[in-house]
Amino acid sequence: MLEDTGKRKLAARALRQVLVVLIIGNIVLAVLETVPEIRQALGTHLSFVQLACGLVFVIEYVLRLYVADLHPPLRRYGPFWSRLRYALQPDALVDLIGALPLLFVLFLPNQAVTVVVILRLLRFLKLARYSPALRSLISAVASERRALLGSTMIIFGVILLSATLMYLIENDDQPQKFRSILHGIYWAITTVTTVGYGDVVPVSNLGKLVSNVVMLMGYGLIALPVGIIASAFAREIHSRDFVITWSMVARVPLFEDLKATEIAEVTKLLQAQKVRKGLTIAERGDVADRMYFISEGEVEIKLPHDTIYLGEGSFFGELALINQTRRTAKVTAYRECQLLILEAEALRNLMDRDAALARKIMEEARERAEAGKKVLGELAEEELEQAGVFADGEEARTEPELFEESECGPEDKDVDEGEDDGDKTKTPSQ
C-alpha cells in the first residue's frame, strides 16, 4: 500500500490521497500559525493538529523504513544494510524531514521554534513522491545540469562584464551608486533579469547605451535556461509515456516473449482515444477487431452472467487480435477513460512485414491453446485475473478453436482467412 506495488490499488490510492491532503494542510497551517491574531485565537488547536499530523509522518517514515528490505534492488543487502541504503535515498531523506518537526517539538520544545517552522514548510518536498510531473521536472533539470551550468556561467559572465563597464563609465558621475564593481553587479542583475527597480540607473549617454544593450541581451539570456528545461521536460514526459505504454503492451500474453525492439514496433501501432464517463466503448454484436489498453480511468464490461470492472494499467480484447468475431459483451466507460487502441488489421499488417514476429505471436497463441487457457464470455484468463475474476465451472471454456490459425505459417494466413469467412461464430472473442 505504501509503495503501490501490490493488489490493493484502491487502498494505496486512498492512502496516497490522505497523505497529500495532510502535506498541503500542514503547509497551510504552518503559514497561518505565523499570523499573530490566528496564533492567539487558535494556537492550541493548531498545535494539536500539527502534532497529530507529525505523528502520522513519523509512522509513515518508520513503516517505509521497515519495508525497505522488500525492495528488489535492496533486498540482497540484508535487513540492516538495505534499510540504511534506503534511508540515504532522496525520497527517504525528504520523509525524514517531514518527521523531524515532531521530534524537535517533543525533545527541544523551546530551542527549536525557528527550525520547526522551516522543517514544516519543507514538507512540501514530499509532494514530489506523489506527483509524476514534478518528478519528471526534477529529472529533466538533473539530466540537463551541464547545459544549465554552462548557461548560468554565460549569464554571470555577462553580468560581471556589464557591471565592470558600468562601474568604469558611471563611477565619476555617480560615486555613491557605483562605488565598486559589487554595486555595479546589483544594477547588472536587475537589468539582465529585466526587473529594473530604477533605484540605480546610468546618467551618462555612454552608460545609457550600455544599459540598452544589456537589457536587450537579458531577454535572450533568461530564455536560454528556460528553453533547455522546457525541451528536457517535454522529452522526459515523452519517455515516461513510452515506458508506461511499452510496459502495458509487454504484459499481454501474446507479446510477453517478444524482444524489446519488437514490442516497440507494436507500441507504434497504438492509437489514443478519450472516452467520457457513461459512453459506450464497444457494443454487443459489433465485430471484435481491436484490443484496448487503459492508461487512465475504469471500464465496465457486462458479460451475460456477470459484470466486471477493469482499471488503469489493465487491458482487454486480446483475443480480438487473433480471431475477429461478434462481441457478446457491452463495454462502457465507468469513469472517464484514456484508452490506447491496437487494431487487429494494423497488427496483421505488421506481422505480414515481419515473418519472425508473426511466427512468435502465432507460436504463443498455439502454446496458450495447448495449455487450455480458460475464457469467460469475451475475456481470456489473464484479463479476468486483472479484475479478480477466475474462469471456472460450466461457463468456462478453453481457447483451442480460437487459434487454429496458428497451426500454419504467416505465409498461409491469407488462404486461411478466406476459408474462415463463412465461420465467424466460434468462441466469442474481444
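Residues numbered from 1 in each chain as written. Predicted model: local features only at pLDDT ≥ 70, side-chain atom pairs only at ≥ 80, totals over all residues. Heavy atoms only, no water.

This part covers the environment of Leu339. Here Leu339 shows up in strand S8 (residues 337-343). As a C-alpha pair, Leu339 and Lys274 span 65 residues in sequence and 6.1 Å in three-dimensional space. Each residue touching Leu339, except ones within four places of it in the same chain, is listed here: Gln271, Ala272, Gln273, Val275, Ile281, Tyr292, Phe293, Ile294, Ser295 and Val299. (Helix = DSSP H or I, 4+ residues; strand = E, 2+ residues; numbered from the N terminus. Contact = heavy atoms within 4.5 Å.)

Let us look at the pattern of salt bridges. Counted by the stated rule, this structure contains 11 salt bridges. One salt bridge connects Lys126 with Glu60, and the closest N-O pair in it is separated by 3.0 Å. Of the two residues, Lys126 is situated in the loop between helix H5 (113-121) and helix H6 (127-130) and Glu60 in helix H2 (residues 36-66); the sequence distance between them amounts to 66 residues. Each member of the pair, Lys126 as well as Glu60, carries the same accessibility label: buried. Between Glu265 and Lys268 there is a salt bridge, and its shortest N-O distance comes to 3.3 Å. (Salt bridge = Lys/Arg side-chain N within 4 Å of Asp/Glu carboxyl O. Buried < 20%, exposed > 50% of the residue type's maximum accessible area, 1.4 Å probe, protein only.)

Our next topic: helix H3 (residues 78-87). Listing the buried residues of H3 in full gives Ser82, Tyr86 and Ala87. Take H3 and look down its axis: the buried residues cluster within an arc of 135 degrees, on one side only. Facing away from the buried side of H3 by over 90 degrees, the exposed positions are Phe80 and Trp81. (Arc of directions from axis to C-beta.)

With that settled, the discussion passes to the packing of aromatic side chains. Working definition: an aromatic ring pair is given by the centre-to-centre distance plus the angle between the planes. Under the definition given, this model contains two aromatic pairs. Arranged with centres 5.1 Å apart and planes meeting at 80 degrees, the rings of Phe80 and Trp81 form a pair that is edge-to-face. We note that Phe80, like Trp81, is exposed. Here Tyr309 and Tyr334 contribute two aromatic rings whose centre-to-centre distance is 4.8 Å and whose plane-to-plane angle is 65 degrees, an arrangement assigned as edge-to-face. Highlighted residues: Tyr309 in strand S5 (residues 306-310) and Tyr334 in the loop between strand S7 (330-333) and S8, separated in sequence by 25 residues. The exposure class of Tyr334 is partly exposed, given its relative accessible area of 42%. In this arrangement the basic side chain of Arg85 is found over the ring face of Tyr77, its NZ or CZ atom lying 3.9 Å from the centre. (Phe/Tyr/Trp six-rings, centres within 6.5 Å; stacked < 30°, edge-to-face > 60°. Lys NZ or Arg CZ within 6 Å of the ring centre and 35° of its normal.)

So, about the confidence of the model for the chain. Of the residues in the chain, 80% reach a pLDDT of 70 or more, and the chain-wide mean stands at 77. Looking at the elements of the chain, mean pLDDT is at its lowest for helix H15 (residues 413-419), recorded as 41, and at its highest for helix H8 (residues 145-170), recorded as 92. Low confidence marks residues 390-430, where pLDDT is under 50. Its contacts with residues over four positions away, or in another chain, come to 89 contacts. (pLDDT = per-residue confidence, 0-100.)

Moving on, we come to the pairing of S8. For S8, the tally of buried residues reaches five of seven residues, placing the bulk of the element in the interior. One ladder, built from five bridges, connects strand S1 (residues 271-275) with S8; its direction is antiparallel. Paired with Lys274 across the two strands is Gln338, which belongs to S8. (Pairing = 2+ DSSP bridges.)

Moving on, we come to the packing of helix H1 (residues 9-32) against H2. The interhelical angle for the contact between H1 and H2, taken along N-to-C directions, is 145 degrees, at an axis separation of 10 Å. By crossing handedness, the relation of H1 to H2 is classed as left-handed. Where H1 approaches H2, its residues Leu19, Leu22, Ile23, Asn26, Leu29, Ala30 and Leu32 are matched on the opposing element by Ile38, Leu46, Val49, Gln50, Cys53, Val56, Phe57, Glu60 and Arg64. (Axes fitted to C-alpha atoms, helices over the stretch in contact; angles between N-to-C directions. Left-handed = near helix turned anticlockwise from the far one by under 90°.)

The next thing to look at is the sheet that holds strand S2 (residues 280-282). Across a sheet, paired strands are connected by hydrogen bonds in the backbone, their directions being either parallel or antiparallel. Spatially, the four strands line up as an open sheet ordered S2-S7-S4-S5, and their pairing is antiparallel. The outermost strands of the open sheet, each flanked by one partner alone, are S2 and S5. This sheet shows a mean twist of 30 degrees between the axes of neighbouring strands, independent of strand direction. Here four bridges tie strand S4 (residues 299-303) to S7, and the two strands are oriented antiparallel to one another. When the sheet's bridge partners are listed, Val299 is paired in S7 with Ala333.

Attention shifts here to the side chain of Gln50. Mapping Gln50 onto the fold places it in helix H2. Residue Gln50 is classed as buried on the basis of its relative accessible area of 3%. The contacts of Gln50, once residues within four sequence positions are left out, are Asn26, Leu29, Ala30, Glu33, Arg120 and Arg123.

On to the packing of H8 against helix H9 (residues 181-192), then. Contact geometry of H8 with H9 gives a least axis separation of 8 Å together with a crossing angle of 125 degrees. Taken together, H8 and H9 sit at an angle that is classed as oblique. Both H8 and H9 take part in a crossing whose hand is right-handed. Judged by residue contacts, Ile155, Ile159, Leu160, Ser162, Ala163, Thr164, Met166 and Tyr167 of H8 engage Ile181, Gly184, Ile185, Trp187, Ala188, Ile189 and Val192 from H9. (Parallel < 35°, antiparallel > 145°, perpendicular 65-115°, else oblique.)

Turning our attention to the sheet that holds S8. Taken together, four strands build an open sheet; the order of strands is S1-S8-S3-S6 and the sheet is antiparallel. Every other strand in the sheet has two partners, leaving S1 and strand S6 (315-316) as the edge strands with one partner each. Relative to S8, strand S3 (residues 290-296) is paired through six bridges, and the arrangement is antiparallel. By the bridge assignment, Glu296 is partnered in S8 with Gln338.

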